[in-house]
Amino acid sequence: MKPTPLTRSALFVYGVLALVFLYLPIVAVGFASVSKARYLTFPIKKYSFDWYGKALESSTVYDLVASSLKVACIVTIVSMVVGFFGALAFARYHWRFRGLFQKLILLPIFFPQTVLGLALLIWFNSVGIIPTWHTAVVAHLVWIAPIATLVIAIRAYSFDPALEEAARDMGASTWTVLKEVTVPLLMPGVISAGLFSFLLSWGNFPLSLFTTGADSTLPEWLYAKMVSGYSPLVPTVGILSIAVSVVILILAYIIFCVVRAIQQNRLRASA
Amino acid sequence: MERAERRQGFLSALPLTIVLVVSFLAPLLVVAAFSTMPTKVFDLGHVPDFSAYVTLLELGYYRSLLWSLGMAFAATAILFIICWPLAFAMSKVFGKFAIVITIGVVMTLFVSENIRLFGWVLTLMKGGLIEGHLRAWLGISFENALYNVPVIIFGLVYVYVPFMLFPLAQGIAMVPDDARQAAADLGASRWQILKEIDLPLSAPGIVVGSLLCFVLSAGALAESKLLGGQAVIVIADEVETAFTYSQNWPLGSSLAMVLILIIGTLAVVGIGKVNLDAIMGRKR
């Protein structure tokens, strides 16, 4: 039942084409961002980085980046903590409402975010909270905390409960078990969850749209400019926003390597 | 021991449950309450009269709903067909290359959806990446490819590829190779193996992927606005207009409630059918 070499190569070509399809629009934005012309047409006649200079000088861009960053950082920290415990309840412990809990946390992921954003706006309004970037944090959490939980849960499934029991049998308190056994074992999952949380919050548009009030995040500003009042800054700011994601990914990779090295050192020291 | 584990399970679930009660259940209840209020009120202190639902029927909002559901159905079907071979290859053929595809697909999730859709506008517009180069190099020209229904469905397919691909790949990975091998040894054709082994055994992945894509596409907004230029008005757009431009919260809420009920029913039924421990890889 092994696929024939012909099928194999056809599938490889298909895989490469799928990646091209996924990245083509991003490449188009990249080209547009280095066009000198105010009104964009392809093929691009004159390349220049002028709009990058303008974007970096603009105080609007700084405000947008600041509110996007604040939201993403808080969402990341809260999602990591909440997701860590959520994943234990999801995958590790046997308790009465586990099945219900597993299903409940999937519901927000299976939900149109635009509608959720509007529902949150009305809810904030009816309890008298004026939307600012703080409320956007709550909005992002509804979608991102469950995803973080699932990411950590994958790790928690492959975790041997005997390790915790052994520590407890040797007289460790619940707190010590958590700190010395559970947290280090789930750490890689928690780091990936944090990475996902940051990047998903950074790029999220439908939830921010209705819940940031007067503060605006980067994706919102881009959308507003695309729908009305196109500015040549749109592709440039878009690419800058992607660049931030890439930098974060690289940083996360470095952190990941450092954590692994520390864990291996600890193992070697105790062996 | 048993009891300690139960208590720990409950306590660990608590923080996430609180987050979801505050940011998911409470807003939905408020929307449900608003949908029963008289027209154009901005607080809940009125006698419920359900007039918004009557308006909704009279003004023909079902058209937007049908467009959204129809396009979501088309997008889901197309996604299933184009993602199946790739998902199959990722779990059975590619080996290390599967990781490249996985990372490549996940990375697109981290680029804001509207930047990517804007990229398609630049690619498909007249004078865009495709038409502009074709005209300059080959002298071929075509009219604007944007602002119609197929391009909206195309946008939905593009945005939701990861949501179909990963559950499918996970589902296919659950099909034991032995079962496929045995079927082949017994003389089953490729088609029979697909129909009798692959599809039924990877059903959990198919259910999760199709459900995610359908539900998310049915509530999508940016695709029809950016690529479709509002060639058709989707239901999420009607909801937004009712809340923002027309300032009619009860009408917006009742529209949202109809969408929520359809999507909620599908999601609850679909999720209920899936064994999450099995799909996420519990070995015990």
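In every chain, residue numbers begin from 1 and rise along the written sequence. Starting at A for chains and at 1 for ligands, labels are handed out in the order in which the entities are written. Selection of residues for local features in this predicted model requires a pLDDT of at least 70, selection of side-chain atom pairs for listing and counting requires 80 or more, and totals for whole chains, interfaces and linings are taken over all residues. With hydrogens and water excluded, all non-hydrogen atoms of the structure serve as input to the side-chain values.

What follows concerns the overall build of chain B. Each helix corresponds to a stretch of at least 4 residues labelled H or I by DSSP, and each strand to a stretch of at least 2 residues labelled E; elements are numbered beginning at the N terminus. The number of helices and strands found in chain B is 14 helices and zero strands. Along chain B, from the amino end to the carboxyl end, the secondary structure elements read α-α-α-α-α-α-α-α-α-α-α-α-α-α. Dimensions of chain B, computed from the C-alpha atoms along their principal axes, are close to 75 × 70 × 35 Å. Only protein chains enter the area calculation, which uses a 1.4 Å probe; residues under 20% of their type maximum are buried, those over 50% are exposed, and those in between are partly exposed. Here chain B, with 284 residues, has 54% of them falling under the buried criterion. In this description, contact between two residues means that some pair of their heavy atoms is separated by no more than 4.5 Å. Within chain B, counting contacts between residues at least 6 apart in sequence, those at least 24 apart form 68% of the total. Charged residues are defined here as Lys and Arg on the positive side and Asp and Glu on the negative side; His and the ends of the chain fall outside this count. All charge positions are set by atom: Lys at NZ, Arg at CZ, Asp at CG, Glu at CD. With 18 positive and 18 negative side-chain charges, chain B shows a separation of 8 Å between the mean positions of the two kinds.

Attention now goes to the packing of aromatic side chains. Side-chain rings of Phe, Tyr and Trp, where Trp is taken by its six-membered ring, are said to pair if the distance between their centres is within 6.5 Å; with planes under 30 degrees apart they count as stacked, over 60 as edge-to-face, and otherwise as tilted. On inspection of all chains with the given rule, the structure shows 20 aromatic pairs over all chains. Ring geometry for A:F12 against B:F97: centres 5.1 Å apart, planes inclined by 35 degrees, an arrangement best described as tilted. You can see A:F12 sitting in helix 1 (residues 5-33) and its partner B:F97 sitting in helix 4 (residues 97-109), one on each of two chains. Relative to A:W202, the ring of A:F198 lies with its centre 6.1 Å away and its plane at 15 degrees, an arrangement referred to as stacked. One end of the pair is A:F198 and the other is A:W202, both in helix 8 (residues 174-203) and four residues apart, which spans about a single turn. Using a relative accessible area of 8% as the deciding quantity, one classes A:F198 as buried. An aromatic cluster is present here, built from A:F21, B:W120, B:F154 and B:Y158 joined pairwise through their rings.

All names here are of chain A. The grouping of V246, V247, I250, L251, Y253, I254, V258 and I262 at the surface amounts to a nonpolar patch, some 750 Å² of accessible area in total. Inspection of the secondary structure assignment puts Y253 in helix 11 (residues 233-270). When its relative accessible area of 59% is taken as the criterion, Y253 is described as exposed. Patches here: salt-bridge-free residues with over 30% relative accessible area, like charges joined within 9 Å, nonpolar side chains (Val, Leu, Ile, Met, Phe, Trp, Tyr) joined within 5 Å. Accessible surface area values rest on a Shrake-Rupley calculation with a 1.4 Å probe, where residue burial reflects the displayed protein chains alone. The rule for a salt bridge is simple: a side-chain nitrogen of Lys or Arg has to be within 4 Å of a carboxyl oxygen of Asp or Glu.

A word on the interface of chain B and chain A. Counting residues at the interface gives 96 residues for chain B, matched by 93 residues for chain A. Once two parts are brought into contact, the accessible area they lose, counted with a 1.4 Å probe and summed over both, makes up the buried area. Between chain B and chain A, a total of about 8600 Å² is buried, with carbon and sulfur atoms accounting for 79% of that surface. Together, B:L16, B:F110 and B:M280 form the three largest contributors to the area buried by chain B at its contact with chain A, with a combined 9%. Along the contact surface separating chain B from chain A lie zero salt bridges. A 3.5 Å cut-off defines polar contacts: any pair of N or O atoms within that distance qualifies, except that in protein one atom must be a possible hydrogen donor and the other a possible acceptor, and neighbouring residues in sequence count only when both atoms are side-chain atoms. The interface formed by chain B and chain A holds six residue pairs in polar contact (both at pLDDT 80 or more) in total. For the side of chain B that touches chain A, the element with the most residues is helix 1 (residues 2-34) of chain B, which contributes 21 residues. The classification used treats Ala, Val, Leu, Ile, Met, Phe, Trp, Tyr, Cys and Pro as nonpolar, Asp, Glu, Lys and Arg as charged, and all other residues, Gly among them, as polar. When grouped by side-chain class, the residues that make up the side of chain B that touches chain A number 63 nonpolar, 21 polar and 12 charged.

This paragraph deals with the pattern of salt bridges. Within the structure shown, the criterion is met by nine salt bridges over all chains. Between B:K126 and B:E131 there is a salt bridge; the shortest N-O distance is 3.5 Å. Judged by relative accessible area, which is 0%, B:E131 ranks as buried. It is possible to trace a salt-bridge network through shared partners that takes in A:K179, A:E180 and A:R266.

Looking now at the packing of helix 5 (residues 113-124) of chain B against helix 7 (residues 149-173) of chain B. All names here are of chain B. At a closest axis distance of 11 Å, the pairing of helix 5 and helix 7 adopts a crossing angle of 135 degrees. Comparing their axes, helix 7 and helix 5 come out oblique. Remark: the crossing between helix 5 and helix 7 carries right-handed chirality. In contact with E113, R116, L117, W120 and L124 of helix 5, helix 7 contributes V151, F154, G155, Y158 and V159. Residue composition of the contact of helix 5 with helix 7, grouped by class: seven nonpolar, one polar and two charged. The axes are straight lines fitted to the C-alpha atoms, using for helices just the contacting stretch, and the angles between their N-to-C directions are given from 0 to 180°. With respect to orientation, any angle under 35 degrees is reported as roughly parallel, any angle over 145 as roughly antiparallel, any angle of 65 to 115 as roughly perpendicular, and every other angle as oblique. If you view the pair so one helix is near and one far, a crossing is left-handed when the near helix is turned anticlockwise from the far one by less than a right angle, and right-handed when it is turned clockwise.

We now examine the confidence of the model for chain B. All names here are of chain B. In predicted models, pLDDT denotes the confidence assigned by the predictor to each residue on a 0 to 100 scale. Mean pLDDT over chain B works out to 85, with 98% of the residues at or above the 70 mark. Considering each helix and strand of chain B separately, the mean pLDDT is smallest for helix 14 (residues 276-279), with a value of 75, and largest for helix 3 (residues 62-93), with 92. For this predicted complex, the interface score ipTM comes out at 0.85, while the overall pTM is 0.88.

Quick look at helix 2 (residues 51-58) of chain B now. All names here are of chain B. Residues of helix 2 that are buried include every one of S51, A52 and L56, and no others. Here the buried residues of helix 2 occupy an arc of 145 degrees about the axis, which is enough to place them on one side. Opposite the buried face of helix 2, by more than 90 degrees, sit the exposed residues L57 and E58. Looking at the buried positions of helix 2, the neighbouring elements they touch are helix 13 (249-272). Downstream of helix 2 by one or two residues, G60 has phi in the positive range, about 70 degrees. Note that the arc is defined by the directions from the helix axis to the C-beta atoms.

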